[in-house]
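# A structural walkthrough
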Amino acid sequence: MFELGYIVATAGVAALGVDFTPFLARHIRGDWGELDEFDRRQNNLAVQEGYRLLSAYTVDEAGTRIWIITEADRSVTTILSPEEY
């Protein structure tokens, strides 16, 4: 649906040892994960209008969450924890 640009991860999520490929695949398909309806609509508009995109996913049974943010210019996609924002 859109370009990811460079893919980077913060030290905090890199330390989780999680394979982020499935989550990036969901993000690029427009499966925004665990967002409310308002944020989903915002993302759908952002794809068309070129704004920043945010997805949220739970990555393990302990409930660890990550965010994936693609910048408006599509130059970089960052994987981070909500606490690192």
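Structural data are supplied above this passage.
What counts and what doesn't
Residues numbered from 1 in each chain as written. Predicted model: local features only at pLDDT ≥ 70, side-chain atom pairs only at ≥ 80, totals over all residues. Heavy atoms only, no water. Core = buried A, V, L, I, M, F, W, Y, C linked by side-chain atoms within 4.5 Å. Buried < 20%, exposed > 50% of the residue type's maximum accessible area, 1.4 Å probe, protein only. Helix = DSSP H or I, 4+ residues; strand = E, 2+ residues; numbered from the N terminus. Contact = heavy atoms within 4.5 Å. Phe/Tyr/Trp six-rings, centres within 6.5 Å; stacked < 30°, edge-to-face > 60°.

### Quick word on the nonpolar core
Core analysis: the biggest nonpolar cluster contains nine residues, these being Val13, Phe20, Phe23, Leu24, Tyr57, Val59, Ile66, Ile68 and Ile79. Sorting the residues of this core by element identifies helix 2 (21–29) and strand 3 (65–70) as the ones contributing at least two each. Excluding its chain neighbours within four sequence positions, the residues that come into contact with Ile66 are Val13, Leu16, Phe20, Phe23, Ser55, Ala56, Tyr57, Val59, Ile79, Leu80 and Pro82. Of all hydrophobic cores here, the second largest spans eight residues; its members include Leu35, Ala46, Val47 and Ala56.

### A word on the environment of Val13
Here Val13 shows up in helix 1 (residues 11–14). A relative accessible area of 0% means that Val13 is categorised as buried. Taking the C-alpha atoms as reference points, Val13 and Ala72, 59 residues apart in sequence, are found 22 Å from one another. Setting aside chain neighbours within four positions, we find Val13 in contact with Phe20, Ile66, Ile79, Leu80, Ser81 and Glu84.

### Observations regarding the side chain of Thr77
In this fold, Thr77 is placed in strand 4 (residues 76–80). Assessed through its relative accessible area of 0%, Thr77 is described here as buried. Setting aside chain neighbours within four positions, we find Thr77 in contact with Leu4, Tyr6, Ile7, Val8, Leu24, Ile68, Ile69 and Thr70.

### Focus on the packing of aromatic side chains
Going through the model one piece at a time under the given rule, you end up with three aromatic pairs. Pairing Phe23 with Tyr57 gives two aromatic rings, centres 5.5 Å apart and planes at 45°, and the pair type is tilted. Taken together, the positions of Phe23 in helix 2 and Tyr57 in strand 2 (residues 53–58) put the pair 34 residues apart, joining distant regions of the chain. Taking 5.5 Å as the distance between ring centres and 65° as the angle between the ring planes, the aromatic pair formed by Trp67 and Tyr85 counts as edge-to-face. Remark: Tyr85 occurs in the segment after strand 4 and Trp67 occurs in strand 3; sequence separation between them is 18 residues.

Geometry only, nothing functional implied.
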